[in-house]
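A look at the structure
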Amino acid sequence: MAGDGQVTMGSGVVKGSARKIRRLHGKQILAGFAGSTADAISLFTRFEEKLQAYGGNLSRAAVELSKDWRMDKTLRHLEALLLVADAKSTLLLSGTGDVIEPDDRVAAVGSGGPYAVAAATALLQHTDLGAHDVAEAAMKIAAAICIYTNDNIAFEELG
């Protein structure tokens with residue numbers, strides 16, 4: 001999983017070195033976010049609780065968080081998207097109840113997400129690059145196109 005470091009408010013950059021990816025549940029789960037930082041941190045905490053409650057079962061924890069996120073009066077106002085992954089699967093979570101597993105081994109959230117997905121998909125189809133190199137190249141392409149994405153890229157990998 002790769003994440004850029006840019007945080008914006010309106011049309012201004014307020015931070016260029018944010019860490020948007022966290023390791024959860026004994027470092028066995030990766031979680032990245034786009035959107036409001038405070039909201040994402042709140043969601044990370046809730047997701048960690050769901051992982052604990054369901055023994056690290058990524059899919060079950062994701063579904064339960066998404067149900068709470070959509071139904072709870074406070075949570076439903078949170079402005080963020082989460083991308084979560086374990087060694088077997090990747091899921092995109094939203095406050096509208098979405099729990100989406102991507103078709104093509106590629107997923108992204110945030111302003112530069114569509115650019116990164118397009119670049120990564122093309123690289124996977126037409127090169128023999130490994131996952132880290134695909135993610136790095138895709139993020140650099142997204143950063144070159146999207147004004148809300150920078151090239152200060154952090155990586156987290158599961159063994």
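Anything mentioned here points back to the structure above.
This one's a predicted model, so the numbers in the text were calculated from it and none came from an experiment. (Residues numbered from 1 in each chain as written. Predicted model: local features only at pLDDT ≥ 70, side-chain atom pairs only at ≥ 80, totals over all residues. Heavy atoms only, no water.)

**Remarks on the environment of R105**
Structurally, the position occupied by R105 is in the loop between β8 (99–100) and α3 (113–126). Overall, the relative accessible area of 68% leaves R105 in the exposed class. (Helix = DSSP H or I, 4+ residues; strand = E, 2+ residues; numbered from the N terminus. Buried < 20%, exposed > 50% of the residue type's maximum accessible area, 1.4 Å probe, protein only.)

**Side note on the nonpolar core**
The nonpolar side chains of a soluble globular protein tend to be buried, and buried together. Membership of the largest hydrophobic core comes to 21 residues, with the highest contact counts inside it found for L43, F47, W69, L82, V84 and L93. Those elements that place two or more of their residues in this core are β5 (29–35), α1 (37–53), α2 (58–71), β6 (80–85) and β7 (90–93). Other than its neighbours up to four places away in sequence, L82 contacts G32, F33, L43, F44, L65, W69, L91, L92, L93 and V109. Listed in part, the 10 residues of the second largest apolar core include A119, L123, M139 and I153. (Core = buried A, V, L, I, M, F, W, Y, C linked by side-chain atoms within 4.5 Å. Contact = heavy atoms within 4.5 Å.)

**A short note on α2**
The first and last C-alpha atoms of α2 sit 20 Å apart over 14 residues, in line with the 20 Å expected at 1.5 Å per residue. Inspection of α2 places L58, A61, A62, E64, L65, S66 and W69 among the buried residues, and these make up the whole buried set. As for α2, its buried residues are in contact with β5, α1, β6, β7 and β8. The N-capping residue of α2, defined by a side-chain oxygen 3.2 Å from the backbone nitrogen of S59, is N57. (Expected span 1.5 Å × (residues − 1). Polar contact = N/O pair within 3.5 Å; in protein donor to acceptor, adjacent residues only side chain to side chain.)

**Focus: the pairing of β7**
With four bridges joining them, β6 and β7 adopt antiparallel strand pairing. Paired with L83 across the two strands is L92, which belongs to β7. Hairpin connection from β6 to β7: four residues lie between these consecutive antiparallel strands. For β7 and β8, the ladder comprises two bridges, and the chain directions are antiparallel. Paired with L93 across the two strands is V99, which belongs to β8. Linking two consecutive strands that pair antiparallel, namely β7 and β8, is a turn of five residues; a positive phi of about 95° is found at G97 within it. (Pairing = 2+ DSSP bridges.)

**Here we look at the sheet that holds β5**
Taken in spatial order, the five strands of this open sheet run β4-β5-β6-β7-β8, and their pairing is antiparallel. A single partner strand is all that each edge strand has here, and the edge strands are β4 (21–24) and β8. α1 rests against β4, β5, β6 and β7 of the sheet, and its axis sits at about 150° to β5. Seen against the sheet, α2 touches β5, β6, β7 and β8 and runs at an angle of roughly 0° to β7. (Axes fitted to C-alpha atoms, helices over the stretch in contact; angles between N-to-C directions.)

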